[in-house]
Amino acid sequence: MSRLGFVRPYRPMPKDFEETFIRLGWEGVGAEYRAHTRTICRWIKECGEEQLRQAREEYLRKTRWPNGVPGNRRKRYVLGMTLRKVGE
């Protein structure tokens, strides 16, 4: 409540927030809607926090990891080049 007695309403959740969060994730939603972190947290809780996170995880499994398992590719890459054994 402000000093003048007016109540500032919360920013309403966008209609396509769930789909956008599933596709873009936390960072993408912040950039897409230009919303504060507390606002995004409130929207996630309104949508059903656990269900939304499971849907995001499932989306990542299907798109980034076709076989369903994230690999250790990070260990093999340095500055965009694949590390291999000397004999290969």
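The structure this text deals with has already been given above.
Caption draft 1: Spotlight on a negative patch on the surface. Residues Asp-16, Glu-18, Glu-19 and Glu-32 make up a contiguous surface patch of negative charge. Within the fold, Glu-32 resides in helix α1 (residues 17–33).

Caption draft 2: Representation of the packing of aromatic side chains. What the rule picks out here adds up to 4 aromatic pairs. Among the aromatic residues, those joined into a ring-pair cluster are Phe-17, Phe-21, Tyr-33 and Trp-43.

Caption draft 3: Region of the structure containing helix α2 (residues 37–47). Those residues of α2 that sit buried are Thr-39, Ile-40, Trp-43, Ile-44 and Cys-47. End-on view of α2: buried residues confined to an arc of 140°, all on one side of the axis. For α2, the exposed residues set more than 90 degrees away from the buried face come down to Arg-38 and Lys-45. Within two residues after α2, Gly-48 carries a phi angle of roughly 100°, on the positive side.

Caption draft 4: Representation of the pattern of salt bridges. Scanning all chains against the criterion turns up 4 salt bridges. In this structure, Glu-46 and Arg-42 form a salt bridge, with 3.2 Å as the shortest nitrogen-oxygen distance. Residue Glu-46 and its partner Arg-42 are located together in helix α2, separated by 4 residues, close to a single helical turn. For Glu-49, the salt bridge identified is with Arg-53, shortest N-O distance 3.1 Å. A residue pair is termed a helical-turn pair when its members lie 3 or 4 positions apart in one helix, as Glu-49 and Arg-53 do in helix α3 (residues 49–63) at 4 residues. By sharing partners, the salt bridges in this structure join Glu-57, Glu-58 and Arg-61 into a single network.

Caption draft 5: Spatial organisation of unusual backbone geometry. The residue Arg-34 is not glycine, and still its phi comes out positive at about 50°. Mapping Arg-34 onto the fold places it in the loop between α1 and α2.

Caption draft 6: Layout of the nonpolar core. If you look at the biggest cluster of nonpolar residues, it comprises 10 residues: Phe-17, Phe-21, Val-29, Tyr-33, Ala-35, Ile-40, Trp-43, Ile-44, Cys-47 and Leu-52. Elements with a contribution of two residues or more to this core: α1 and α2. Beyond its immediate stretch of four places on either side in the chain, Ile-40 contacts Phe-17, Trp-26, Val-29, Gly-30 and Ala-35.

Caption draft 7: A look at the packing of α1 against α2. Relative orientation of the contacting elements α1 and α2 amounts to 170°, with a least axis distance of 11 Å. Here α2 runs roughly antiparallel to α1, going by the angle between their axes. Counting all contacts with α1, which are made through Phe-17, Glu-18, Phe-21, Trp-26, Val-29, Gly-30 and Tyr-33, the residues of α2 involved are Thr-37, Ile-40, Cys-41, Trp-43, Ile-44 and Cys-47. The residue inventory of the contact of α1 with α2, partitioned by class, reads 10 nonpolar, 2 polar and 1 charged.

Reading the values: the criteria
Residues numbered from 1 in each chain as written. Predicted model: local features only at pLDDT ≥ 70, side-chain atom pairs only at ≥ 80, totals over all residues. Heavy atoms only, no water. Patch = residues over 30% accessible without salt bridge, like charges linked within 9 Å, V, L, I, M, F, W, Y side chains within 5 Å. Areas by Shrake-Rupley, 256 points an atom, 1.4 Å probe, with all protein chains shown as cover. Salt bridge = Lys/Arg side-chain N within 4 Å of Asp/Glu carboxyl O. Lys, Arg positive; Asp, Glu negative; His and termini not counted. Charge placed at Lys NZ, Arg CZ, Asp CG, Glu CD. Helix = DSSP H or I, 4+ residues; strand = E, 2+ residues; numbered from the N terminus. Phe/Tyr/Trp six-rings, centres within 6.5 Å; stacked < 30°, edge-to-face > 60°. Buried < 20%, exposed > 50% of the residue type's maximum accessible area, 1.4 Å probe, protein only. Arc of directions from axis to C-beta. Core = buried A, V, L, I, M, F, W, Y, C linked by side-chain atoms within 4.5 Å. Contact = heavy atoms within 4.5 Å. Axes fitted to C-alpha atoms, helices over the stretch in contact; angles between N-to-C directions. Parallel < 35°, antiparallel > 145°, perpendicular 65-115°, else oblique. Nonpolar A, V, L, I, M, F, W, Y, C, P; charged D, E, K, R; others polar.

Keep in mind these values describe shape, not function.
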